[in-house]
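# Descriptive analysis of the structure
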Amino acid sequence: MESVKQDVLAALQGLGIAYDLFEHAPVHTMEDCKAAEAALGGVMPKNLFLTPRNHAAHYLLVARPEAPFRTALVSRQLGASRLSFATAEELMDMLRTLPGAISPMGLVFDREQKVRLAVDRTLRKEPRLLFHPCVNTATLAMSGRDFFETFLPALGREPVFVDMQGEEKHEI
């Protein structure tokens, strides 16, 4: 997986995106990510790789770490049938990463754009965002502006902004 990390970092360098990198022990939960947040400053979004039951489409949801995932609310905003977690095999095939290291940096590898990107609209205001470079032993930080205005456009990605708040109580 070290080569995947290097490919991500090379892509950022190729786009002229400044980033800071923090190497650390493997992290598995959002609580584990707090050390990287403290070291780098910024917000470490939670990233969910989702699909409907028939696996006909795939979505990468990037949300505030404290935002609840309400299946019905997000599914409705994306015009998708009820979403749940995609398989680890699908994740590796499309974004070259594993559960625990899901990241929008993996979109570098989705050249066919099979994965649709959904972003919690409140993240648009964040000055600094943190992501795994497709491995859970490192975290990189970049400006929110670079993420939204340089990285995503360079990949031909237009995120769908979603509202993570609502009345639905269907959490997974």
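Residue positions within a chain follow its written sequence, with the count starting from 1. Local features in this predicted model are restricted to residues of pLDDT 70 or higher, and side-chain atom pairs are both shown and tallied only at a pLDDT of 80 or more, whereas totals for entire chains, interfaces and linings draw on every residue. Side-chain numbers come from the whole structure's heavy atoms, not from hydrogens or water.

### Looking at the environment of V135
Stated formally: The numbering of helices and of strands both runs from the N terminus, where a helix is a DSSP run of H or I of at least 4 residues and a strand a run of E of at least 2. In this scheme, a residue with accessible area under 20% of its type's maximum is buried, one over 50% is exposed, and one in between is partly exposed, where area comes from a 1.4 Å probe on protein chains only.
Along the polypeptide, V135 turns up in the loop between β6 (128-131) and β7 (138-143). You can call V135 buried: its relative accessible area is 9%.

### Points about the packing of aromatic side chains
Spelled out, the test is: In this analysis, rings of Phe, Tyr and Trp, with Trp reduced to its six-membered ring, are considered paired at centre separations within 6.5 Å, and the interplanar angle assigns stacked below 30 degrees, edge-to-face beyond 60, and tilted for intermediate values. By definition, being over a ring means that NZ of Lys or CZ of Arg is both within 6 Å of the ring centre and within 35 degrees of the ring normal.
Across all of its chains, the model carries 4 aromatic pairs by this definition. Centre to centre, the rings of F131 and F147 are 4.8 Å apart; their planes meet at 35°, and the pair counts as tilted. With F131 in strand β6 and F147 in helix α5 (residues 144-154), this residue pair connects regions lying 16 residues apart in the sequence. You'll find F131 and F147 in the same group, each marked buried. Centroid distance F148 to F161: 5.8 Å. Interplanar angle 40°. Geometry classified as tilted. Here the residue F148 occupies a position in helix α5, and F161 occupies one in strand β8 (residues 160-162), the gap between them amounting to 13 residues. A residue is classified by how much of its surface remains accessible, and F161, at 26% relative accessible area, is partly exposed. The positively charged end of R96 is found above the aromatic ring belonging to F109, 4.1 Å away from the centroid.

### Section: the side chain of H24
Convention followed: Two N or O atoms count as a polar contact when they lie within 3.5 Å, although within protein this holds only if one can serve as hydrogen donor and the other as acceptor, and sequence-adjacent residues are included solely when both atoms are side-chain atoms. The contact criterion used throughout is that any non-hydrogen atoms of two residues lie within 4.5 Å.
Of note, H24 is situated in the loop between β1 (20-23) and α2 (34-40). Under the relative-accessibility criterion, H24 is labelled buried at 18%. Only 2.7 Å separates the side chain of H24 from the side chain of T139, close enough to count as a polar contact. Apart from residues lying up to four places away in sequence, H24 is in contact with A36, H132, N136, T137, A138 and T139.

### Description of the side chain of K5
Considering the arrangement of structural elements, one finds K5 in helix α1 (residues 2-14). Within the structure, K5 has its side chain in polar contact with the side chain of E23 (distance 2.9 Å).

### Considerations on unusual backbone geometry
Even without being a glycine, H55 presents a positive backbone phi close to 60°. Tracing the sequence through the fold places H55 in the loop between β2 (46-52) and β3 (58-63). Residue H55 is classed as partly exposed on the basis of its relative accessible area of 34%. At Q113, a position not held by glycine, the phi torsion is positive, near 55°. With respect to the helices and strands, Q113 occurs in the loop between α4 (88-95) and β5 (115-120).

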